Amino acid sequence: VLARTLSSAEDAHRFESLFKMPRKTFNYVCSLVKDDMMVRASSYTFIDGTVLSLEDRVAVALRRLNSGGSLVTVGTSVGVNHSTVSLITWRFVEAVEARAGHHLRWPDSDEMAMIKSKFEKIHGLPNCCGVVDTTHIIMCLSSAEPNCKVWLDHEKNYSMVLQAVIDPDMRFTDIVTGWPGSMKESSILHSSGLFRLCENGARLNGSKLTVSDGSEVGEYVIGDAGYPLLPWLFTPYLDNDLSELKVEFNKRHSAARTVALKALARFKDTWKFLQGEMWRPDKHKLPRIIHVCCLLHNIVIDMEEDAAMDDAHISDDHDANYSQQVCQLSDEKAVRMRDKLSEHLNSS
């Protein structure tokens, strides 16, 4: 009833603005979650008693996640009781978690070669495998709630942090969430599986780049000044009076980082549920909802590989009003490797 009424060609634009994905992608999501969403086929009905179809159920869940409206607002807009909206949305979250995990995973060697090629071609950074960044998911908590202070971040908002590695097509290749807003970027990194796997050599262990002096620079990701400088994580130079080599490195580094800024801004602009200023989230469920929104973000990109993303209206500032964190930690080997790469960029 909900989705079928928007099936004509002239309604394609309205469909996409309502569900934040084209019809083809919507149909694919329905096929993924069908078995889980239709377990009790007759258990969810509109207020008039009509049973919700699979498409109706997916449409209700997507509206709940992307509109930012309350359960009552979403329910009223589609003719469904607000408790039904809640039940359907959670069933959808569980179904996407169970069925769509393959849309968010670390790239294999062929995929990584393509990622590295794009970063070099577009931004002039050879052997770069992604951009790591974090964003704050604001929560509405009561100050009387136990342990609420741990969720209070440095901008005095209650928040949960999402850390993501992002490829040149704005796809998430690794995420971790659930950590409270009071934690710094560097602490979240050190607590993540990404850090452990990269430190152990299980990730970013592909082909090395031979630089101009004959030495080698391994695969790496880049991050802002809030991260430590590591042999596999290059941050910008922060000194005053930088040499031309270092200025050029920073310029390319900054240009490449925009893919993460745009991806996270687009993510939060699309899944307005996560702007949560009007609801008190279950802190055990919220990381799973964030994860599912990340999966849906990737599904839209995976299904529309040739489509140009219309992100002109989206700001790069996914964490508006948050000041830049600065981490002073730097690994000696990483300092040398970053310098070698900077010299190589100038000579190539």
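A quick note: this is a predicted structure, and the numbers were derived from the prediction, not measured.

**Student:** Is there a simple way to explain the environment of Lys149 in this structure?
**Tutor:** Within the fold, Lys149 resides in the loop between β1 (128–138) and β2 (159–166). The class for Lys149 is exposed, based on a relative accessible area of 69%. Lys149 sits 33 residues away from Ser182 along the chain, and the two C-alpha atoms are 8.1 Å apart.

**Student:** Can you walk me through helix α9 (residues 244–270) in this structure?
**Tutor:** An α-helical turn contains 3.6 residues, so any two residues separated by three or four positions project in the same direction. Over its 27 residues, α9 runs 39 Å from end to end, which matches the ideal 39 Å to within 8%, given 1.5 Å per residue. Arg257 marks the point of greatest bend in α9, at about 25 degrees.

**Student:** Please explain the packing of aromatic side chains as it appears in this structure.
**Tutor:** Aromatic ring pairs are described here by two measures, namely the spacing of the ring centres and the angle between the planes. Within the structure shown, the criterion is met by 7 aromatic pairs. Aromatic pair Tyr220 and Phe234: ring centres 4.6 Å apart, planes at 25 degrees, arrangement stacked. Placement of the pair is Tyr220 in strand β6 (residues 220–222) and Phe234 in strand β7 (residues 233–234), with a sequence separation of 14 residues. Ring-pair connections join several aromatic residues into one group, and the members of that group are Phe15, Phe19 and Phe26. Here Lys285 stacks its cationic end above the ring of Trp90, 4.6 Å away from the centre of that ring. Here the guanidinium or amino end of Arg338 rests over the ring plane of Tyr237, the centre of that ring lying 3.9 Å away.

**Student:** I would appreciate a short explanation of the side chain of Asp36 in the present structure.
**Tutor:** Its location among the elements puts Asp36 in helix α2 (residues 23–37). Apart from residues no more than four positions distant in its own chain, Asp36 is found in contact with Arg91, Ala95 and Arg99.

**Student:** Even after reading the chapter, I still don't get helix α11 (residues 332–347), so can you show me in this structure?
**Tutor:** Compared with the 22 Å implied by 1.5 Å per residue over 16 residues, the 23 Å span of α11 between its first and last C-alpha is a close match. By the burial criterion, the buried members of α11 are Ala334, Met337, Arg338, Leu341, Ser342, His344 and Leu345. Buried residues of α11, viewed axially, fall in a sector of 160 degrees; they line one side. Structural note: α11 exposes Glu332 and Asn346 on the side pointing more than 90 degrees away from its buried face. Against β4 (209–210), β5 (216–217), β6, β7 and α9 lie the buried residues of α11.

**Student:** Just to check I follow, could you spell out the sheet that holds β2 for this structure?
**Tutor:** Backbone hydrogen bonds hold the strands of a sheet together, and the pairing may be parallel or antiparallel. Taken together, the 5 strands give an open sheet; going across it, the order is β3-β2-β1-β6-β7, and neighbouring strands pair in mixed fashion. Edge positions in the open sheet fall to β3 (172–180) and β7, since each of these has one partner strand only. Here β6 pairs with β7 via 2 bridges, running parallel. Among the inter-strand pairings, Val221 is bridged to a residue of β7, identified as Leu233. Relative to the sheet, helix α6 (residues 109–123) contacts β1 and β2, its axis offset from that of β1 by approximately 85 degrees.

**Student:** Could you clarify how one ought to interpret the pattern of salt bridges in this entry?
**Tutor:** A side chain with one charge may pair with a side chain of the opposite charge, provided their charged atoms come close. Tallying each qualifying case throughout the model produces 15 salt bridges. Here Arg23 makes a salt bridge to Glu55, at a shortest N to O gap of 2.5 Å. In this pair, Arg23 is assigned in helix α2 and Glu55 in helix α3 (residues 54–67), connecting sequence segments 32 residues apart. Look at Arg23 and you get partly exposed, because its relative accessible area is 24%. Exposure remark for Glu55: the relative accessible area of 18% places this residue in the buried category. The salt bridge involving Asp174 is made with Arg203; its shortest N-O contact spans 2.7 Å. With Asp174 in strand β3 and Arg203 in the loop between α8 (193–199) and β4, this residue pair connects regions lying 29 residues apart in the sequence. Looking at Asp174, the relative accessible area reads 11%, which means it is buried.

The rules we used
- Residues numbered from 1 in each chain as written.
- Predicted model: local features only at pLDDT ≥ 70, side-chain atom pairs only at ≥ 80, totals over all residues.
- Heavy atoms only, no water.
- Helix = DSSP H or I, 4+ residues; strand = E, 2+ residues; numbered from the N terminus.
- Buried < 20%, exposed > 50% of the residue type's maximum accessible area, 1.4 Å probe, protein only.
- Expected span 1.5 Å × (residues − 1).
- Bend = angle between axes of the 7 residues up to and from the residue.
- Phe/Tyr/Trp six-rings, centres within 6.5 Å; stacked < 30°, edge-to-face > 60°.
- Lys NZ or Arg CZ within 6 Å of the ring centre and 35° of its normal.
- Contact = heavy atoms within 4.5 Å.
- Arc of directions from axis to C-beta.
- Pairing = 2+ DSSP bridges.
- Axes fitted to C-alpha atoms, helices over the stretch in contact; angles between N-to-C directions.
- Salt bridge = Lys/Arg side-chain N within 4 Å of Asp/Glu carboxyl O.

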